[in-house]
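So the chains spell out like this:
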Amino acid sequence: IRDLARLRSGTYAVSVSTVDLGAVLRVCEQAFHPAAARAGLDLVVSPVSAWVRSDAVMLQRILENLLRNAIRFTFSGAVAISCRVSASEVMLAVRDTGVGMYPHQVDDLLSPSQGPAQECGDFPPAGLGLEVVWRMGALLGHKLSARSAKGKGSDFSIILNLVEMPAPGSPHGAT
């Protein structure tokens with residue numbers, strides 16, 4: 001909630017640098033593997049060797065919010081993070097086999113004026129974590145998208161700009 005208040009007020013400090021995406025994904029995998037296991041879910045994280053332009057802390061928070069929601073709304077199957085690297089960008093996707101949403105619910109979550117938390121079918125309101133995701137993504141200039149099908153799961157994607165690995169000892173790298 002603190003992050004959201006700072007994002008809404010425009011006082012969230014951003015520190016964009018060259019970020020080791022593989023390292024961020026390993027941290028998220030280690031942090032969320034126990035929760036996924038307790039829920040009886042497989043957590044699959046594709047290894048990647050790529051450097052992106054982002055804020056390492058914000059990128060990790062984005063992924064944490066997406067993983068937390070995916071685990072919360074998935075009762076069997078898997079939660080997965082995959083990466084597709086092209087010449088200039090990386091598409092990072094968090095997918096689940098959870099309860100999914102109706103198209104209008106996805107549209108509401110993507111709305112810039114999202115407002116209060118959204119109802120998710122028979123489940124408690126959700127949306128504050130996703131509002132953090134969208135606001136952080138917008139602040140960083142990352143392209144975000146979401147697809148979902150009721151009863152079949154959700155897919156949240158982030159497009160990150162690919163950059164070259166910093167030279168050893170360079171002050172521009174972050175993990």
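Residues numbered from 1 in each chain as written. Predicted model: local features only at pLDDT ≥ 70, side-chain atom pairs only at ≥ 80, totals over all residues. Heavy atoms only, no water.

### Description of the packing of helix 2 (residues 21–38) against helix 3 (residues 56–72)
Then, in step 1: Remark: helix 2 packs on helix 3, axes separated minimally by 10 Å, with the N-to-C direction vectors making an angle of 30°. Compared by their axis directions, helix 2 and helix 3 come out roughly parallel. Judged by the sense of rotation from one axis to the other, the crossing of helix 2 with helix 3 is right-handed. Residues Leu 21, Val 24, Leu 25, Val 27, Cys 28, Phe 32, Ala 35 and Ala 36 of helix 2 touch helix 3, and the partners they reach there are Leu 59, Gln 60, Leu 63, Glu 64, Leu 67, Arg 68 and Ile 71. (Axes fitted to C-alpha atoms, helices over the stretch in contact; angles between N-to-C directions. Helix = DSSP H or I, 4+ residues; strand = E, 2+ residues; numbered from the N terminus. Parallel < 35°, antiparallel > 145°, perpendicular 65-115°, else oblique. Left-handed = near helix turned anticlockwise from the far one by under 90°. Contact = heavy atoms within 4.5 Å.)

### Focus: the confidence of the model for the protein chain
As a note on interpretation, predicted positions should not be read in detail where pLDDT is low.
Then, in step 1: This prediction gives the protein chain a mean pLDDT of 85; 84% of its residues lie at or above 70.
Then, in step 2: A low-confidence stretch, residues 114–125 (pLDDT under 50), is modelled with 25 contacts involving residues beyond four sequence positions or located in other chains. (pLDDT = per-residue confidence, 0-100.)

### A few points about helix 3
For an α-helix, 3.6 residues make a turn, and residues three or four places apart therefore share a direction.
Then, in step 1: The end-to-end C-alpha distance of helix 3, which contains 17 residues, comes to 24 Å, matching closely the 24 Å that a straight helix rising 1.5 Å per residue would cover.
Then, in step 2: Summarising burial for helix 3: 12 of the 17 residues are buried, a large majority.
Then, in step 3: The N-cap of helix 3, judged by a side-chain oxygen 3.0 Å from the amide nitrogen of Val 57 a few residues on, is Asp 55. (Expected span 1.5 Å × (residues − 1). Buried < 20%, exposed > 50% of the residue type's maximum accessible area, 1.4 Å probe, protein only. Polar contact = N/O pair within 3.5 Å; in protein donor to acceptor, adjacent residues only side chain to side chain.)

### Some words on the packing of aromatic side chains
Then, in step 1: On inspection of all chains with the given rule, the structure shows 1 aromatic pair.
Then, in step 2: Relative to Phe 156, the ring of Trp 134 lies with its centre 6.2 Å away and its plane at 40°, an arrangement referred to as tilted. Taken as a pair, Trp 134 in helix 5 (residues 128–140) and Phe 156 in strand 9 (residues 153–163) lie far apart in primary sequence, 22 residues in all. (Phe/Tyr/Trp six-rings, centres within 6.5 Å; stacked < 30°, edge-to-face > 60°.)

### Examining the pattern of salt bridges
Then, in step 1: Applying the stated rule across the entire model yields 3 salt bridges.
Then, in step 2: A salt bridge links Asp 155 to Arg 95; its shortest N-O distance comes to 2.9 Å. On the criterion of sequence distance, the pair formed by Asp 155 in strand 9 and Arg 95 in strand 5 (residues 89–96) is long-range, its members being 60 residues apart.
Then, in step 3: Residue Arg 95 is classed as partly exposed on the basis of its relative accessible area, which comes to 32%.
Then, in step 4: Residue Asp 155 is classed as buried on the basis of its relative accessible area of 7%. (Salt bridge = Lys/Arg side-chain N within 4 Å of Asp/Glu carboxyl O.)

### With respect to the environment of Thr 97
Then, in step 1: Among the structural elements, Thr 97 can be located in the loop between strand 5 and helix 4 (103–110).
Then, in step 2: For Thr 97, a relative accessible area of 41% translates into the label partly exposed.
Then, in step 3: On a C-alpha basis, the gap between Thr 97 and Ala 70 in space is 8.3 Å, while along the polypeptide they are 27 residues apart.
Then, in step 4: With sequence-adjacent residues up to four places away left out, Thr 97 is seen in contact with Thr 74, Ser 76, Gly 77, Ala 78, Lys 152 and Gly 153.
Then, in step 5: Within polar-contact distance, the side chain of Thr 97 engages the backbone oxygen of Ser 76 at 2.8 Å.
Then, in step 6: For Thr 97, the side chain forms a polar contact with the main-chain nitrogen of Ala 78, separated by 3.0 Å.

### Concerning the nonpolar core
Then, in step 1: Formed by 42 residues in total, the largest nonpolar core has its most connected members in Leu 21, Leu 25, Leu 66, Leu 67 and Leu 92.
Then, in step 2: Of all the secondary structure elements, the ones that give two or more residues to this core are helix 2, strand 2 (42–45), helix 3, strand 4 (78–85), strand 5, helix 4, helix 5 and strand 9.
Then, in step 3: Here this core gets 9 residues from one element, more than from any other, and that element is helix 3.
Then, in step 4: What Leu 25 contacts, discounting residues up to four positions off in sequence, is Val 45, Ser 46, Val 48, Leu 63, Ile 81, Cys 83 and Leu 92. (Core = buried A, V, L, I, M, F, W, Y, C linked by side-chain atoms within 4.5 Å.)

### Quick notes on the pairing of strand 2
Then, in step 1: Side-chain alternation along strand 2 places Leu 43 and Val 45 on a buried face and Asp 42 and Val 44 on a face that remains uncovered.
Then, in step 2: Relative to strand 4, strand 2 is paired through 4 bridges, and the arrangement is parallel. Bridge pairing links Val 45 to Ile 81 in strand 4. (Pairing = 2+ DSSP bridges.)

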